Amino acid sequence: MSGWREALVPATVSVPTVTGIVGGVRLSGGFPTDAVRLQVFEASSNSLAAAVKLATEPTSLFWDRIGLTTGQTRWYWLRSVSAEGNVSALAGPVTATAL
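Residues numbered from 1 in each chain as written. Predicted model: local features only at pLDDT ≥ 70, side-chain atom pairs only at ≥ 80, totals over all residues. Heavy atoms only, no water.

**Concerning the sheet that holds strand β5 (residues 63-66)**
Item 1. Read across the sheet, three strands follow the order β1-β2-β5 without closing on themselves; strand pairing throughout is antiparallel. In this open sheet, the two strands that pair with only one neighbour each are β1 (14-21) and β5. On average, each strand axis in the sheet is tilted by 20° relative to the strand beside it, whichever way the strands run. (Pairing = 2+ DSSP bridges. Helix = DSSP H or I, 4+ residues; strand = E, 2+ residues; numbered from the N terminus. Axes fitted to C-alpha atoms, helices over the stretch in contact; angles between N-to-C directions.)

So this is what it looks like as structure tokens:
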């Protein structure tokens, strides 16, 4: 009997949304039960190619991205990460403007 098991790809974040808050934006949505954290990609335009992966990897949703100034608009893509390190498909883009 083998001790190996197949590590599955986690589910995608369901119904991702983002809303403007004072000094940033709040990301929300359905956090997959088979994920341990999320990777968040941020861009100043609707271009995944221009997006940068943020260093912080949220372990729940709601999650506040702070440090933006009033009027800054950002686009976000989210990807679930399993305990084994497998990643889901990207969810998004979603966009909001900081208040």
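**Some words on the side chain of S82**
Item 1. By secondary structure assignment, the location of S82 is in the loop between β6 (73-81) and β7 (91-97).
Item 2. On the accessibility criterion, S82 (2% relative accessible area) is buried.
Item 3. Dropping the residues within four chain positions of it, S82 is found in contact with L8, P10, D34, A35, V36 and R37. (Buried < 20%, exposed > 50% of the residue type's maximum accessible area, 1.4 Å probe, protein only. Contact = heavy atoms within 4.5 Å.)

**Thoughts on the sheet that holds β6**
Item 1. If you walk across this open sheet you meet the four strands as β4-β3-β6-β7, and the pairing is antiparallel. The open sheet has two edge strands, β4 (52-53) and β7, and neither has a second partner.

**A closer look at the pairing of β6**
Item 1. Of all nine residues making up β6, seven are buried, and the element is well covered by its neighbours.
Item 2. Here β6 runs beside β7; their pairing, made up of five bridges, is antiparallel. Following the sheet pairing, W75 is matched in β7 by T95.

**A look at the environment of D64**
Item 1. Note that D64 resides in strand β5.
Item 2. Take D64: its relative accessible area is 30%, and that puts it in the partly exposed class.
Item 3. Considered as a pair, D64 and G23 are 41 residues apart in the sequence and their alpha carbons are 9.5 Å apart.
Item 4. For D64, the contacting residues outside a window of four places in its chain are I21, V25 and R26.
Item 5. A polar side-chain atom of D64 sits 2.6 Å from a polar atom in the side chain of R26. (Polar contact = N/O pair within 3.5 Å; in protein donor to acceptor, adjacent residues only side chain to side chain.)

**Side note on the environment of P32**
Item 1. Tracing the backbone shows P32 in the loop between β2 (24-30) and β3 (37-43).
Item 2. Each C-alpha atom, one on P32 and one on V15, is 11 Å from the other, the two residues being 17 residues apart in sequence.
Item 3. Excluding its chain neighbours within four sequence positions, the residues that come into contact with P32 are A11, T12, V13 and S80.

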